[in-house]
Amino acid sequence: MRVTIEQAVAADAGEILTVQRAAYVSEAQLYGDPYIPPLVESLEQMRKVIETAVVLKAVDAGRIVGAVRGRLSGTTCLVGRLVVAPDRQGQRLGTALLTALHEQVPQATAFDLFTGHLSEANLRLYRRLGYRETHRERMDDHLMMVHLRRQPDRSPPPR
């Protein structure tokens, strides 16, 4: 299997939305909330994101198996909706997608993202890729959002 990471186009919106919904079902179950934003995002909203943000897709034999989005706010890249098809999780696709996003937005001085406090696999991945917790935000009785930031190393290479 040879997975490629590519820029998404508007025609990919439906397939990315399908992967996103499949990927977030476990999060909805974890938090007991079937109405989390990734599960209720519309096709039109997805198309708009693809047109206005950096959206990368992981493709294997013509099938989209993952995606991630990033949007610059000043010099910070706001990372969102890192998704991997359930049958492809645990194969380092999330790592590949986030790494590609970091490379795709070299002007960013920081990358910010958030996840739920019970999402241990997500937190492990983000920490492994250099993200550090900045703060927590209580959203509901059952949900605390963990905000993380990654600041790329901008030091010159050793001589």
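Please refer to the structure placed before this passage.
All figures in this text were calculated on a predicted structure; none of them were measured in a lab.

A. Geometry of helix H3 (residues 43-52). All of the buried residues in H3 are Met46, Val49 and Ile50. Along the axis of H3, the buried residues cluster in a sector spanning 100 degrees; they form a single face. Across H3 from its buried face, at more than 90 degrees, point the exposed residues Glu44, Lys48 and Glu51. The secondary structure elements touched by the buried residues of H3 are helix H1 (13-31), strand E2 (54-60) and strand E3 (63-73).

B. Spatial organisation of the side chain of Lys57. Structurally, Lys57 can be placed in strand E2. Here the side chain of Lys57 touches Asp12 through a polar contact of 2.7 Å, side chain to side chain. Leave out the neighbours within four places in its chain, and Lys57 touches Thr4, Ile5, Glu6, Gln7, Ala8, Asp12, Ile64, Gly66, Ala67 and Leu97.

C. Main features of the environment of Leu17. In this fold, Leu17 is placed in helix H1. Counting along the chain gives 22 residues from Leu17 to Leu39, while the straight-line C-alpha distance between them is 8.6 Å. Setting aside residues up to four positions removed in sequence, Leu17 forms contacts with Glu41, Ser42, Leu43 and Met46.

Calculation notes
Residues take numbers from 1 onward in each chain, read along the sequence in its written order. Only residues with pLDDT of at least 70 get local features here, since the model is predicted, and only at 80 or more are side-chain atom pairs given and counted; chain-wide, interface and lining totals rely on the full set of residues. Side-chain numbers come from the whole structure's heavy atoms, not from hydrogens or water. Buried residues are those whose accessible area, probed at 1.4 Å on protein chains only, stays under 20% of the maximum for their type, while exposed residues exceed 50% and partly exposed ones sit between those limits. Strands here are runs of E lasting at least two residues and helices are runs of H or I lasting at least four, both read from the DSSP assignment and numbered beginning at the N terminus. In this context, the arc is that of the directions from the helix axis out to the C-beta atoms. Here a residue-residue contact requires only that any non-hydrogen atoms of the pair lie within 4.5 Å. Contacts described as polar in this section are N or O atom pairs within 3.5 Å, which, within protein, must combine one atom able to donate a hydrogen with one able to accept it, while residues neighboring in sequence count only if both atoms come from side chains.

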